[in-house]
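Per-entry structural report
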Amino acid sequence: MDHSKKIENLLLAAAIIALVASLGSLYFSEVLLYVPCELCWYQRILMYPLVILLGIAAVKKDAGIATYVLPLSIIGGSISIYHYLIQKVAFFGENSVSCGVVPCTGQYINWLGFITIPFLALIGFTCITVILFYVKNLSKKAGN
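One structure accompanies this document, and this report is about it.

This brings us to the nonpolar core. Among the nonpolar cores identified, the biggest contains 32 residues, and Leu11, Leu39, Leu50, Leu54, Ile128, Leu132 and Val135 are the most heavily contacted of them. Once residues lying within four places of it in the same chain are set aside, the contact partners of Val135 are Ile7, Leu10, Leu11, Ala63 and Ala66.

Shown next as structure tokens:
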């Protein structure tokens, strides 16, 4: 498979991951009626545009988008890590600032004892970030 086809498939995969993450967050809030905390909102603000930007990039086969959306996925992943830490590590939870009406330390889900909503967001942001770094690398090899 040539580099351009790999790049196209990777961009599509990243767009699908962003779409699934966005739909998942909407499912939690709109169907299950979980009120998002402030940190959840920040993660959503960084994930939602990725659906559109990566979707357009996949259609246009534009590997250059990686440069512009990597900051969104890296910052979103960083917020997810912090959010997960204040949920799961007592030191961080006890020393975190108040998050608003809904406490950021709250856990609507706790599947298998470690999978929370910020953990799911972290998986999405991490996958997107890794894919985009790979796209950048392939793009350089292809001379784009």
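Still more to cover.
Moving on to the packing of aromatic side chains. Scanning the entire structure with this criterion turns up 7 aromatic pairs. A centroid spacing of 5.5 Å and a plane angle of 80° characterise the contact between Phe91 and Phe92, whose relative ring orientation is edge-to-face. The class for Phe91 is exposed, based on a relative accessible area of 54%. Taken together through their ring pairs, the aromatic side chains of Tyr27, Phe28, Tyr34, Tyr108 and Trp111 make up a single cluster.

Taken N-terminus to C-terminus, the directions of helix H1 (residues 3-31) and helix H5 (residues 117-142) make an angle of 165°; their axes are 9 Å apart at the nearest point. Compared by their axis directions, H1 and H5 come out roughly antiparallel. H1 and H5 meet at a crossing whose hand is left-handed. Its residues assigned to classes, the contact of H1 with H5 shows 18 nonpolar, 3 polar and 2 charged.

Here is what the cut-offs are and how they apply
- Residues numbered from 1 in each chain as written.
- Predicted model: local features only at pLDDT ≥ 70, side-chain atom pairs only at ≥ 80, totals over all residues.
- Heavy atoms only, no water.
- Core = buried A, V, L, I, M, F, W, Y, C linked by side-chain atoms within 4.5 Å.
- Buried < 20%, exposed > 50% of the residue type's maximum accessible area, 1.4 Å probe, protein only.
- Contact = heavy atoms within 4.5 Å.
- Phe/Tyr/Trp six-rings, centres within 6.5 Å; stacked < 30°, edge-to-face > 60°.
- Axes fitted to C-alpha atoms, helices over the stretch in contact; angles between N-to-C directions.
- Helix = DSSP H or I, 4+ residues; strand = E, 2+ residues; numbered from the N terminus.
- Parallel < 35°, antiparallel > 145°, perpendicular 65-115°, else oblique.
- Left-handed = near helix turned anticlockwise from the far one by under 90°.
- Nonpolar A, V, L, I, M, F, W, Y, C, P; charged D, E, K, R; others polar.

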